[in-house]
Amino acid sequence: MPDDLLRVEDLNITVGGAPFGRRRRARDVGGVPAVQGVSFTVRRGEAVGFVGESGSGKTLTCRAALGVLAPGCTVSSGEIDFDGTSLVDLPRRRWDGLRGTRIGAVFQDPGSYLNPSHTVGRQLAEQFRIKVGHRRREARQAAIALLGTLGLHQPELVYHQYPHELSGGMLQRVVLAIAVAGEPDLLVADEATTALDVTVQAEVLEALDLLRAERGLAILAVSHDLAVIAQLCDRILVFYAGEIVEAGPTADVLANPRHPYTAALLRVASVGDWRRRELDVIDGAAPPVGARITGCRFADRCAFVTDACRAAPVELRAVPDAPAGTPGGERFARCARLGEIELTPRVPERAGAPA
Ligand SMILES: Nc1ncnc2c1ncn2[C@@H]1O[C@H](COP(=O)(O)OP(=O)(O)OP(=O)(O)O)[C@@H](O)[C@H]1O
Ligand code: NI
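Residues numbered from 1 in each chain as written. Chains lettered and ligands numbered in written order. Predicted model: local features only at pLDDT ≥ 70, side-chain atom pairs only at ≥ 80, totals over all residues. Heavy atoms only, no water.

The name given to the protein in an unreviewed UniProt entry is Nickel import system ATP-binding protein NikD, and the organism recorded there is Parafrankia irregularis. For the protein, the Sequence similarities (unreviewed entry) comment in UniProt is given as "Belongs to the ABC transporter superfamily." The Subcellular location (unreviewed entry) comment attached to the protein in UniProt states, word for word, "Cell membrane". (UniProt positions renumbered as here; feature names shortened; annotations may be inferred.)

A. The site of ligand 1, seen in detail. As a structural note, the neighbourhood of ligand 1 is formed by 14 residues, with Ser54, Gly55, Lys58, Thr59 and Val289 the closest of them. Within the backbone of Gly55, an N or O atom sits 2.7 Å from an oxygen atom of ligand 1. Gly57 is positioned with one of its backbone polar atoms (N or O) 3.0 Å from an oxygen atom of ligand 1. About the coverage of ligand 1: the protein hides 65% of its 640 Å² of free accessible area. The dominant element in the shell around ligand 1, judged by the number of residues it contributes, is helix α1 (residues 58–66), at 3 residues. Along the lines of polarity and charge, the residues of the shell around ligand 1 split into 6 nonpolar, 5 polar and 3 charged. (Near = heavy atom within 4 Å. Polar contact = N/O pair within 3.5 Å; in protein donor to acceptor, adjacent residues only side chain to side chain. Areas by Shrake-Rupley, 256 points an atom, 1.4 Å probe, with all protein chains shown as cover. Helix = DSSP H or I, 4+ residues; strand = E, 2+ residues; numbered from the N terminus. Nonpolar A, V, L, I, M, F, W, Y, C, P; charged D, E, K, R; others polar.)

B. The arrangement of the pattern of salt bridges in detail. Per the stated rule, a full pass over the model turns up 19 salt bridges. For Glu9, the salt bridge identified is with Arg7, shortest N-O distance 2.7 Å. Note that Arg44 is salt-bridged to Asp83, the shortest N-O span being 2.6 Å. With Arg44 in the loop between β2 (32–43) and β3 (47–51) and Asp83 in the loop between β4 (74–82) and β5 (85–86), this residue pair connects regions lying 39 residues apart in the sequence. One salt-bridge network, held together by shared partners, links Asp4, Arg43, Glu46, Arg235 and Glu330. (Salt bridge = Lys/Arg side-chain N within 4 Å of Asp/Glu carboxyl O.)

C. Just the domain arrangement of the protein, in detail. According to the domain assignment, the protein contains domain 1 (4–102 + 214–333) and domain 2 (105–183). Put simply, the middle of domain 1 and the middle of domain 2, counted by C-alpha atoms, are 30 Å apart. If you look at the interface, domain 1 gives 8 residues, while domain 2 gives 9 residues. For the domain 1 and domain 2 pair, buried surface summed over both sides reaches about 710 Å², with 52% attributable to carbon and sulfur atoms. Counting every contact that joins domain 1 to domain 2 gives 1 salt bridge. Note that Arg215 is salt-bridged to Glu183, the shortest N-O span being 4.0 Å. Our count for the contact surface shared by domain 1 and domain 2 stands at 1 residue pair in polar contact (both at pLDDT 80 or more). Listing elements by their share of the side of domain 1 that touches domain 2, those giving two or more residues are α1 and α7 (198–215). Of the residues belonging to the side of domain 1 that touches domain 2, the class tally is 2 nonpolar, 2 polar and 4 charged. (Domains from an automatic or database assignment. Contact = heavy atoms within 4.5 Å. Buried area = accessible area lost by both parts, 1.4 Å probe.)

This is the structure we're talking about:
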């Protein structure tokens, strides 16, 4: 499809292997599978969100797409294609040309990406010089303008401040500015608002929305907080124990979860009610990384489990009765009992809730 910006196909990542170079395949170096058979696309200008419990493989998948997997973590098979370029086995030099220019990234801990001894303005302006080729004066103007766009008041003052002088929310917007200074096509935001309080989180989400609207920026967002993903993203991919177990347009996934794990996640997440988030958890625990499981990986925690669920691998299948207007192939669930079981829809939507 010409509109696909990032296409990931049947991605498998192993962890805990010997830390050899990126070209060495994991089967040569040991390690256990932590991400299995993950496929998805992000279209131009689209915001796609990963949700799922801690350890489900969200960050590994993003890091693979950014070419920054930790030592010992390896793409053992699969394809990652960014706008026609295959990223698996891409030489380091070519990665450096993509990262920060065509693909930007922002993570949970903004402070660690900034140099404490330089002003934030200097660090941001530097991006405009390197990535866009601006001269010093232009770079400074562009930096101040972008800080203003991202909702920082008195951006010319912020420009001259050092990281320690800024609040967490301001820092996160500075890091966001650095990530998008090179006008990337795709921004990967991994738990980018997690450390922030709710009000500031909302401001950063607004800044992201604005970048989408103004620049047609595509976003791949990760959060264990469903409410964040629900507000920001067009489509949701639900991760469980290293696999995608459900995928579809945000509104439809929230209204009609088709995998028991998603339904459980929705019950504990209280989407739309910002005060009640994360007070509850789903009973039981996900299988450990590398566990050999023949059938459904959620079986031990599932209220609907039958013997058949454990007998054979369960594929991600197109939801047969997806609502009209859901383009075919967009609504998927990895449940052997798809279509057989009635899942409780989520709590009624808050009036005016973002969808
Ligand atoms: N560098 C590493 N070495 C060994 N194991 C790793 C490494 N990075 C991740 N893992 C394992 O791979 C699994 C998936 O990790 P990942 O960071 O992708 O989870 P996640 O979905 O992002 O979780 P969280 O919500 O906690 O960020 C985890 O069980 C983790 O322990
Ligand atoms: Ni993570």
